[in-house]
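# Report on the structure
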Amino acid sequence: MKIETEIFFSELREKRVIKMAIRVWISLFLCVFALLGSESYASENEDTQSKEFVVTLDHSNFSDFVGRHKFIVVEFYAPWCGHCKKLVPEYEKAAQILSQNDPPVVLAKVDANEEQNKVLASEFDIKGFPTLKILRYGGSVVQDYKGPREADGIVSYVKKQSGPASAEIKSSKDAEDFIDVNKIIIVGVFPEFSGEKFENFTAVAERLRADYDFGHTSDAKLLPRGDSSVSGPVVRLFKPFDELFVDFQEFDVDALAKLVEEATIPTVTVYNKDPNNHPFVVKFFNSPNAKAMLFVNFNNDLFDSFKSKYHEVAEQYKGNDISFLIGDVEASQGAFQYFGLKEDQTPLIIIQTNDGEKYLKINVEPDHIASWVKEFKDGKVKPFKKSEPIPEVNSEPVKVVVADNFQDMVFNSGKNVLIEFYAPWCGHCKQLAPILDEVAVSFESDADVMIAKIDATANDIPQGTFEVQGYPTLYFKSASGKLMQHQGGRTKEDIIDFIQKNRDKAAEQAPGKDEL
């Protein structure tokens, strides 16, 4: 699975979601699969060439079709999405191969950009394109597709997902093939494959199969690590970090699932260019804890010292609402751009809490890590804010706002403020810019109205106040503090009309006219 970190951070800037910090982080480090273009393939006859194997669904037939299938994969896409277009030949090729499986497996698609299908997109919490979902048992169980995006990988992943949730290990060869030293593998040891404990283990495997591989055996001697004399029932979790394996004798479904989730988060998660580490990075950011990240050059002469000291701190605070990650500077350029950091500030630690606040320690030394984290936990560290410099001259019709003067210019100005959240590279923002200039000029003689803009890629914006899911996003704050998003037309006349309708009446004045 090839991971393109820079592509991911580019997409993040296009679709920045300012919601719960967990969602932001999931978006922030969730690494995007590289979607490879595919050469068209020749089929054996003209009928195969013309037939589409991916089933097209929409709001009118979705529930009925899904309800008739025990297992189905559904892609939610948008026609304009570049990654969706790249996926088309791979997804179609996989659908053709899987149609000949025994039993056949169906791949389907939904145009989530179509107005009538947006209810479906909302129901399945579709945040970006393409998003693939696995629907089981007539749609009663929904899981995220977490496999490759090229045909052979799709086929392999889907076959495994559509088969039994746990595979039986009968021989040393089975165990060798099944237990990958770079992955989380969970094996149940049972004297017989029946009874409540085995059924509960299978239920956990069914629930978590999209994330982990499950197996079961009656002979612990076949397993590469752990006590080979146990006859079970016991659940042995193999992992490529920390203690390498752990045994559980808990068979309540919810409790066992929780133990598995907790055991699969490393004490210190490693973030580098090794794709084997990326699933653990995803788990790190899925955690509800505060996120502590140490960025250091892995080739630094002091790296071993940093790693050791950081691990000691992570052990100290384990289970104390804070998780730890160590990232290689070379692999973390997208993160640096997102946070507004510079390489000459490394080694550095940044901590982000679930309310979006960030805390920063630059040019840290190994022996300073423990004391600084303690200061953070004791509430003695001030939050860090990413901001461009406050402009020395701000005389253009559209005023420039940055993070450091946002409160004063927007909330404390006493004015009716229309503010644009934009990205410098955004084509739609460039098209809107001259229109906003005209709107601003028409209000120049009105002291109660201000048109402003902020580069949302270079400045932090107030958490929980503005929902910026794409660029440009327009918000209006009335003089009395009423806040609303502008979602109407974007002509000069549309925007002026919106301002006039929503500005405070006491401050109302026609644009472009002097007071008498």
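Conventions adopted
Residues numbered from 1 in each chain as written. Predicted model: local features only at pLDDT ≥ 70, side-chain atom pairs only at ≥ 80, totals over all residues. Heavy atoms only, no water. UniProt positions renumbered as here; feature names shortened; annotations may be inferred. Phe/Tyr/Trp six-rings, centres within 6.5 Å; stacked < 30°, edge-to-face > 60°. Helix = DSSP H or I, 4+ residues; strand = E, 2+ residues; numbered from the N terminus. Lys NZ or Arg CZ within 6 Å of the ring centre and 35° of its normal. Buried < 20%, exposed > 50% of the residue type's maximum accessible area, 1.4 Å probe, protein only. Arc of directions from axis to C-beta. Contact = heavy atoms within 4.5 Å. Polar contact = N/O pair within 3.5 Å; in protein donor to acceptor, adjacent residues only side chain to side chain. Pairing = 2+ DSSP bridges. Axes fitted to C-alpha atoms, helices over the stretch in contact; angles between N-to-C directions.

If you check an unreviewed UniProt entry, the protein appears there as Protein disulfide-isomerase from Solanum bulbocastanum. Recorded in UniProt for the protein, the comment headed Sequence similarities (unreviewed entry) runs: "Belongs to the protein disulfide isomerase family." Taken from UniProt, the Subcellular location (unreviewed entry) comment for the protein reads in full: "Endoplasmic reticulum lumen".

Throughout the structure, instances matching the rule amount to 26 aromatic pairs. Seen from their ring centres, Phe 241 and Phe 280 are 5.2 Å apart, and the 80 degrees between their planes marks the pair as edge-to-face. Highlighted residues: Phe 241 in the loop between β9 (234–238) and β10 (245–248) and Phe 280 in helix α11 (residues 278–286), separated in sequence by 39 residues. The ring of Tyr 338 is capped by Lys 386, whose NZ or CZ atom sits 5.4 Å from the centre of that ring. The cationic tip of Lys 453 hangs over the ring face of Tyr 422; the distance from NZ or CZ to the ring centre is 5.8 Å.

A separate point is helix α14 (residues 369–377). Every buried residue of α14 is listed here: Ile 369, Trp 372, Val 373 and Phe 376. Projected down its long axis, α14 shows its buried positions confined to an angular sector of 100 degrees, all on one face. At its buried positions, α14 is contacted by β12 (290–296), α12 (303–316), β13 (322–328), β14 (348–352) and β15 (358–361). With its phi angle positive at about 75 degrees, Gly 379 sits one or two positions after the end of α14.

Here we take up the environment of Asn 101. By the secondary structure assignment, Asn 101 is in the loop between α5 (82–98) and β3 (106–111). Spatially, the C-alpha atom of Asn 101 lies 8.5 Å from that of Lys 159, the residues being 58 residues apart in sequence. Reaching out from Asn 101, the side chain makes a polar contact with the backbone oxygen of Pro 103 at a distance of 2.9 Å.

Here we come to the sheet that holds β9. The sheet built from five strands is open, its strands ordered β6-β8-β7-β9-β10 with mixed pairing. What marks the edges here is a single partner per strand, and that holds for β6 (166–168) and β10. With direction set aside, neighbouring strand axes in the sheet form an average angle of 25 degrees.

With that out of the way, let us pick up the pairing of strand β20 (residues 483–486). Residues Met 484 and His 486 point to one face of β20 and are all buried, whereas Leu 483 and Gln 485, pointing to the other face, are not buried. Counted between consecutive antiparallel strands, the loop separating strand β19 (residues 473–477) from β20 contains five residues, among which Gly 481 sits at a positive phi close to 105 degrees.

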